[in-house]
Amino acid sequence: MSSEDLKRQAAARALEAVSDGMRLGLGTGSTARHFVELLGDRVRGGLKVICVATSEATQAQAEGEGIPMSTLDETPELDLVVDGADELDEQLRLVKGGGGALLREKIVASASKRMIVIADDSKKVAVLGRFPLPVEVNPFGLEVTRRQIAAAAARCGCTGELTLRQRDGKPFVTDGGHYIIDCHFAVLPQPEALAAALVAIPGVVEHGLFIGLATGVVLAAPGGLVELGQV
Ligand SMILES: O=C(CO)[C@H](O)[C@H](O)COP(=O)(O)O
């Protein structure tokens, strides 16, 4: 079974948690893309939902599927967000932002009663950190912020290369107009302490550690689906 098949299976399971009248957050990335496609089928079949996207890319996909879309200003309370992740652990702590949408993803997740994460089982790790931690930063004072991230991380037991994310030879720019520094720490021994240290840095807009937000996880493995938390 291909990795895309596994992602679609996880997406299909999450769709079972959706019912008529729900206000939904739509995640970003290749796994969330399957969910939006499957949701589009259900909407065309008569399901009534209103949705908020976590990125311009997802907004465009959802509109193309004919899914009724809203904004967080019009719909500030959501019932459920379904999103992917770059890494997750047994405690449902996540690393997100591989697709660069972490800020909107976190705002949408914070507005939602429940967050179901969908992924193939390669994303589950014993200790977070194998996937470089994305940190969204203001372009102003980039080098100051980079040094402050390195110092704060070292106090939390994390060392490694900090690289400015690039696309086509230029800094990658998020939907919010910010840059992303990818932190290659290999392990994050104290995720909560690191999260608190990063948000205290003035130039840091947001970081990719999602702690206390996911309420359920659907992992697709070749042998079947594995669920963590409440799905
Ligand atoms: O955080 C994200 C985007 O900012 C994605 O959810 C994450 O990168 C997972 O993507 P994929 O489903 O393509 O593996």
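Residues numbered from 1 in each chain as written. Predicted model: local features only at pLDDT ≥ 70, side-chain atom pairs only at ≥ 80, totals over all residues. Heavy atoms only, no water.

Draft legend 1. Quick peek at the site of the ligand. The local shell around the ligand holds 17 residues, among which Ser30, Thr31, Asp86, Gly97 and Lys123 are the closest. In this structure, an oxygen atom belonging to the ligand sits 2.5 Å away from a side-chain N or O atom of Ser30. Taking Ala101, its main chain carries an N or O atom lying 3.0 Å from an oxygen atom of the ligand. Burial of the ligand by the surrounding chains reaches 91%, relative to a free accessible area of 370 Å². Those elements that place two or more of their residues in the shell around the ligand are helix 2 (30-44) and helix 4 (102-110). (Near = heavy atom within 4 Å. Polar contact = N/O pair within 3.5 Å; in protein donor to acceptor, adjacent residues only side chain to side chain. Areas by Shrake-Rupley, 256 points an atom, 1.4 Å probe, with all protein chains shown as cover. Helix = DSSP H or I, 4+ residues; strand = E, 2+ residues; numbered from the N terminus.)

Draft legend 2. Focus on the domain arrangement of the protein chain. Segmentation of the protein chain into domains returns domain 1 (3-122 + 211-222) and domain 2 (133-206). Taken together, the contact pairs 14 residues of domain 1 with 16 residues of domain 2. Of the roughly 1,100 Å² buried at the junction of domain 1 and domain 2 (both faces included), carbon and sulfur atoms supply 62%. In terms of surface lost to domain 2, no three residues of domain 1 exceed Leu102, Leu103 and Ile211, which account for 40% of the buried area on that side. Run the count over domain 1 and domain 2 and you get three salt bridges. Note that Asp175 is salt-bridged to Arg104, the shortest N-O span being 4.0 Å. Inspection of the domain 1/domain 2 interface yields six residue pairs in polar contact (both at pLDDT 80 or more). Looking at the side of domain 1 that touches domain 2, the element that brings in the most residues is helix 4, giving four residues. (Domains from an automatic or database assignment. Contact = heavy atoms within 4.5 Å. Buried area = accessible area lost by both parts, 1.4 Å probe. Salt bridge = Lys/Arg side-chain N within 4 Å of Asp/Glu carboxyl O.)

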